[in-house]
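Commentary on secondary and tertiary structure
The primary structure of each chain is shown beneath.
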Amino acid sequence: MSTVTKQQIGMIALVVDDYDDAIAFYTQKLQFTLVEDTDLGGGKRWVLVSPPNGNGTKLLLAQANNETQKQSVGNQTGGRVFLFLQTNDFWRDYKLMQTNEVVFNEEPRVEEYGTVVVFQDLYGNKWDLLELNK
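For clarity, every value in this text was computed on a predicted model and none was experimentally measured. (Residues numbered from 1 in each chain as written. Predicted model: local features only at pLDDT ≥ 70, side-chain atom pairs only at ≥ 80, totals over all residues. Heavy atoms only, no water.)

Considerations on the nonpolar core
Judged by nonpolar contacts, the single largest core of 25 residues is most densely connected at Y26, L59, L61 and F119. Taken together, the elements giving at least two residues each to this core come down to strand 1 (11–16), helix 1 (19–29), strand 3 (44–50), strand 4 (58–63), strand 5 (81–86), helix 3 (90–99), strand 8 (114–120) and strand 9 (126–132). Looking at which element gives the most residues to this core, the answer is helix 1, with five residues. Not counting chain neighbours up to four residues away, the residues in contact with Y26 comprise L14, Q31, F32, V49, L59, L61, D121, L122 and W127. (Core = buried A, V, L, I, M, F, W, Y, C linked by side-chain atoms within 4.5 Å. Buried < 20%, exposed > 50% of the residue type's maximum accessible area, 1.4 Å probe, protein only. Helix = DSSP H or I, 4+ residues; strand = E, 2+ residues; numbered from the N terminus. Contact = heavy atoms within 4.5 Å.)

Set out below in structure tokens:
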């Protein structure tokens, strides 16, 4: 029996305004894979998307269903960068995202840790596209 604890973050819930709009953004603009879209009844769905060739962490797209949740759509972290999309080829992904009309908040920059740019999802949540230095 192993005594080593092994854990990982499997999913992160992202509150969205509309399932289908969110699926379209993530699969078409960011090239994510639709992993699952299961009807749970009553207007609820279990929707998982994942970056291409990712490490297993998925986004659970959760449609807002009350006023408090609706107020957090696009501002889940109070205006700070929420998620970090790491890539092995920054310029390839940056150019593809530009072609797909993803909104960027700044020009790409080279930092001590790697190349990065802040972009927005369809609701305004801030993300970093990031290629870490080896």
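From this point, the discussion proceeds with the structure in view.
Overview of the pattern of salt bridges
In this structure the tally under the stated criterion is five salt bridges. R45 is the partner of D37 in a salt bridge, and the nearest nitrogen-oxygen pair spans 2.7 Å. A salt bridge links R109 to E106; the shortest N-O distance between them is 2.2 Å. Among the charged side chains, a network of salt bridges with common partners joins D20, D37 and R45. (Salt bridge = Lys/Arg side-chain N within 4 Å of Asp/Glu carboxyl O.)

A word on the pairing of strand 4
Bridge count between strand 1 and strand 4: six bridges; the pairing is parallel. Paired with M11 across the strands is K58, a residue of strand 4. With three bridges joining them, strand 3 and strand 4 adopt antiparallel strand pairing. Looking at the pairing, V47 lines up with L61 of strand 4. (Pairing = 2+ DSSP bridges.)

Focus: the sheet that holds strand 1
The strands making up a sheet associate through backbone hydrogen bonding, with each pair oriented either parallel or antiparallel. Ordered in space as 1-4-3-2, the four strands form an open sheet in which the pairing is mixed. One side of each edge strand has no neighbouring strand; the edge strands of this open sheet are strand 1 and strand 2 (33–41). On average, each strand axis in the sheet is tilted by 25° relative to the strand beside it, whichever way the strands run. (Axes fitted to C-alpha atoms, helices over the stretch in contact; angles between N-to-C directions.)

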